[in-house]
Amino acid sequence: MTPQAKLIFTSSLILGTTITISSNHWITAWAGLEINTLAILPLIAKSHHPRAIEAATKYFLTQATASALLLFSAMMNAWYTGQWDITQLTHPTACLILTSALAMKLGLAPFHFWFPEVLQGSPLTTALLLSTLMKFPPMTLLFMTSPSLNPTLLTYMAILSTALGGWMGLNQTQIRKILAFSSISHLGWMAIIVSYHPKLTLLNFYLYSLITATVFLTLNTIKTSKLSTLMTTWTKTPALSTMLLLTLLSLAGLPPFTGFLPKWLIIQELTKQSMAPAATTISLLSLLSLFFYLRLAYCATITLPPHTTNHMKQWHISKPTPSAIAILTTTSTMLLPISPLILTTV
């Protein structure tokens, strides 16, 4: 792909995201989502591999369906109430259809089936965009419409997402698929709290995007996409492999790291809302995802592959670690001590 084409598609992505997150009217929000979808398709299919073409087709079909549902819910609400404003969504059927549309856009269970397949067929940099930037506009719409949505439905969808994200990720060997199921699991945490404390959903999304960006950029630097190749990368970049271990533990939400902060706040808020059973269920289900994060972390830092087959040792990379990865790694592991400062913004 030529640099000019890349520039056009990246600019369109930024434009589409900006239009959606800054709009008050459903039509402009929909237009921004469409620009986003059309701009990411060439980036998914740029390798011309059959799997990449398949991923682009699946992505187009699901996003087109979700956009049509979103437009349908907006039109239904406008038909009954005369309101096109995003925050004035009051008709119950329109709210239900919108929940389905946004769940499909985000990859929230039970509309999650397209996401691992699309991520597996995309290059690592495009997979990073799909996991973070492409989820920002629908997440903003979820944030803006959160007072109108059904909290019980969102809670059930959230618990289902966390369960399926954990269970389906257990048996994977492809790192992009593991990170896709990790994303589905994290979306569960974001969806469960959106009706009660929407700002916590956004905080969770920002920190998740930060940590996921670190993992994807690290994997892109060491050119790894399978667990078997991850086992032999310690000779290539020992320091980066060690930091990948800490970042994965942060993504799992273990206490000394940044990833623990949103989980802690969400459990606290759910308990305040007399939803202790839901908090307990989602916390126990997140142990499933902890297993595959630990598996990834173990493979990233293992120094001898655990079988007798001789592996070709990788050449040590003499180039310094990119400064972006260094900054992202630091923030994705060490923000917990400044949580009081972060809480002032929530």
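Residues numbered from 1 in each chain as written. Predicted model: local features only at pLDDT ≥ 70, side-chain atom pairs only at ≥ 80, totals over all residues. Heavy atoms only, no water.

Chemist: Please explain the overall build of the protein chain as it appears in this structure.
Modeler: Secondary structure summary: the protein chain contains 16 helices and zero strands in total. By the compact-globule yardstick of 20 Å for 346 residues, the protein chain fits well, its C-alpha radius of gyration being 20 Å. When the backbone C-alpha atoms are referred to their principal axes, the protein chain occupies close to 70 × 50 × 35 Å. Out of the 346 residues belonging to the protein chain, those deemed buried represent 53%. (Helix = DSSP H or I, 4+ residues; strand = E, 2+ residues; numbered from the N terminus. Rg over C-alpha atoms; globule rule 2.2 N^0.38 Å. Buried < 20%, exposed > 50% of the residue type's maximum accessible area, 1.4 Å probe, protein only.)

Chemist: Even after reading the chapter, I still don't get helix 13 (residues 260-272), so can you show me in this structure?
Modeler: Helical geometry: 3.6 residues make up each α-helical turn, so side chains three or four residues apart lie on a common side. Between its first and last C-alpha atoms helix 13 spans 18 Å; for 13 residues at 1.5 Å apiece the expected length is 18 Å, and the two agree. Among all positions of helix 13, only Leu261, Pro262, Lys263, Leu265, Ile266, Glu269 and Leu270 are buried. Residues of helix 13 that are buried make contact with helix 9 (175-193), helix 10 (198-221), helix 12 (238-252), helix 14 (276-301) and helix 16 (339-343). Trailing helix 13 by a residue or two, serine 274 shows a phi angle of about 60°, which is positive. (Expected span 1.5 Å × (residues − 1). Contact = heavy atoms within 4.5 Å.)

Chemist: Teacher, can you tell me more about the UniProt feature "domain: NADH:quinone oxidoreductase/Mrp antiporter transmembrane" (unreviewed entry) in the protein chain here?
Modeler: When the UniProt feature table is mapped onto this chain, "domain: NADH:quinone oxidoreductase/Mrp antiporter transmembrane" (unreviewed entry) is found at residues 23-288. Between the end C-alpha atoms of residues 23-288 the distance is 38 Å, and the span holds 74% helix and 0% strand. (UniProt positions renumbered as here; feature names shortened; annotations may be inferred.)

Chemist: I'm lost on helix 10 in this one. Help?
Modeler: Here helix 10 spans 35 Å end to end across 24 residues, near enough to the 34 Å set by a 1.5 Å rise per residue. Judged by how many residues are buried, helix 10 sits mostly within the fold: 18 of 24 residues are covered.

Chemist: It is not clear to me how the packing of aromatic side chains should be interpreted in this structure. Could you clarify?
Modeler: Using the criterion set out here, one finds seven aromatic pairs in the structure. The ring centre of phenylalanine 115 lies 3.8 Å from the NZ or CZ of lysine 135, which sits over that ring. (Phe/Tyr/Trp six-rings, centres within 6.5 Å; stacked < 30°, edge-to-face > 60°. Lys NZ or Arg CZ within 6 Å of the ring centre and 35° of its normal.)

Chemist: What am I meant to see in the nonpolar core here?
Modeler: Nonpolar side chains tend to gather and get buried jointly when the protein is soluble and globular. If you look at the biggest cluster of nonpolar residues, it comprises 100 residues, and the most contacted ones within it are Tyr59 and Leu230. Apart from the residues within four sequence positions on either side, leucine 230 is in contact with Ile175, Leu219, Ile222, Thr224, Leu244, Leu296, Cys299 and Ala300. (Core = buried A, V, L, I, M, F, W, Y, C linked by side-chain atoms within 4.5 Å.)

Chemist: What is the right way to read the pattern of salt bridges from this model?
Modeler: Think of it this way: side chains of opposite charge can pair up when their charged atoms draw near. Enumeration over the complete set of coordinates arrives at three salt bridges. A salt bridge links lysine 58 to glutamate 117, with the shortest nitrogen-to-oxygen separation between them at 3.8 Å. With lysine 58 in helix 3 (residues 50-81) and glutamate 117 in helix 5 (residues 114-120), this residue pair connects regions lying 59 residues apart in the sequence. Here lysine 58 falls in the partly exposed class, since its relative accessible area comes to 29%. By relative accessible area, glutamate 117 is classed as partly exposed at 33%. Salt bridges sharing partners connect three or more residues here, namely Glu54, Lys58, Glu117 and Lys177. (Salt bridge = Lys/Arg side-chain N within 4 Å of Asp/Glu carboxyl O.)

Chemist: Where do I start with the UniProt feature "transmembrane region" (unreviewed entry) in the protein chain in this structure?
Modeler: UniProt records the feature "transmembrane region" (unreviewed entry) at residues 7-23, 59-79, 91-115, 153-171, 203-222, 243-262, 282-304 and 324-343, using the numbering of this structure. As annotated, residues 7-23 comprises 88% helix and 0% strand, and the C-alpha atoms at either end are separated by 24 Å. In the segment residues 243-262, helix accounts for 65% and strand for 0%; the C-alpha atoms at its two ends are 21 Å apart.

Chemist: How should I be thinking about the packing of helix 1 (residues 3-21) against helix 2 (residues 26-44) in this particular structure?
Modeler: Each pair of packed helices gets described by two things: the angle between the helix axes and the distance between those axes. With their axes 7 Å apart at the nearest point, helix 1 and helix 2 run at an angle of 160° to one another. With respect to their mutual orientation, helix 1 and helix 2 come out roughly antiparallel. As helix 1 runs across helix 2, the sense of the crossing is left-handed. Contacts from Phe9, Ser12, Leu13, Gly16, Thr17, Ile19 and Thr20 in helix 1 reach Thr28, Ala29, Gly32, Leu33, Ile35, Asn36, Ala39, Ile40, Pro42 and Leu43 in helix 2. (Axes fitted to C-alpha atoms, helices over the stretch in contact; angles between N-to-C directions. Parallel < 35°, antiparallel > 145°, perpendicular 65-115°, else oblique. Left-handed = near helix turned anticlockwise from the far one by under 90°.)

Chemist: Please explain unusual backbone geometry as it appears in this structure.
Modeler: Negative phi values dominate among residues other than glycine, just as trans dominates among peptide bonds. A cis amide bond links alanine 109 to the next residue, proline 110, at an omega of 0°. Note that proline 110 resides in the loop between helix 4 (92-106) and helix 5. Phi at histidine 48 takes a positive value of approximately 60°, unusual for a residue other than glycine. With phi around 60°, serine 274 is a residue other than glycine that occupies positive phi space. Note that serine 274 resides in the loop between helix 13 and helix 14. Exposure remark for serine 274: the relative accessible area of 67% places this residue in the exposed category.

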